[in-house]
Amino acid sequence: MSVHIDISKHSQDQHQRIRTFLELDSKREYWIETALNECKDGKPFGESVQKINDVTKEMNEISRKGIVPLRENVTVEMIVEYCNRK
């Protein structure tokens, strides 16, 4: 019986990690889009890049526990390069 409880708890923990990761992924995408728009408009966007990486750090902490992938930090140069491609 205790094995069943342990397996259930483990499964619930994994599902919670996935849910949290997906919520953070949405926030990360929001900040990426914000940084891209600010770059296109010629506005400073360093603060948005920092927010992207703050969220990325949280996501990667979850990733280290397994199940979800690591995410790469974003640089100002990456945003500029992406904007120049469009």
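Residues numbered from 1 in each chain as written. Predicted model: local features only at pLDDT ≥ 70, side-chain atom pairs only at ≥ 80, totals over all residues. Heavy atoms only, no water.

A.B. asks: So, the side chain of Asp25: which residues are in play, and what are the values?
C.D. replies: Note on placement: Asp25 falls in helix 1 (residues 2-40). Under the relative-accessibility criterion, Asp25 is labelled buried at 18%. Beyond its immediate stretch of four places on either side in the chain, Asp25 contacts Met59 and Arg71. (Helix = DSSP H or I, 4+ residues; strand = E, 2+ residues; numbered from the N terminus. Buried < 20%, exposed > 50% of the residue type's maximum accessible area, 1.4 Å probe, protein only. Contact = heavy atoms within 4.5 Å.)

A.B. asks: Give me helix 1: which residues, what numbers.
C.D. replies: Between the first and last C-alpha of helix 1 there are 57 Å, a value that for 39 residues agrees with the 57 Å anticipated at 1.5 Å per step. Within helix 1 the residues assigned to the buried category are Arg17, Phe21, Leu24, Asp25, Arg28, Ile32, Thr34, Ala35, Leu36 and Cys39. Check the buried side of helix 1 and you find it contacts helix 2 (46-63) and helix 3 (76-85). Of the residues one or two after helix 1, Gly42 is the one with positive phi, at around 75 degrees. (Expected span 1.5 Å × (residues − 1).)

A.B. asks: So what about the pattern of salt bridges? Which residues, and what values?
C.D. replies: With the rule as written, the count across this model stands at two salt bridges. The salt bridge partner of Asp13 is Lys9, with a shortest N-O separation of 3.2 Å. A residue pair is termed a helical-turn pair when its members lie 3 or 4 positions apart in one helix, as Asp13 and Lys9 do in helix 1 at four residues. Here Arg71 makes a salt bridge to Asp25, at a shortest N to O gap of 3.7 Å. Of this pair, Arg71 sits in the loop between helix 2 and helix 3 while Asp25 sits in helix 1, placing them 46 residues apart in sequence. (Salt bridge = Lys/Arg side-chain N within 4 Å of Asp/Glu carboxyl O.)

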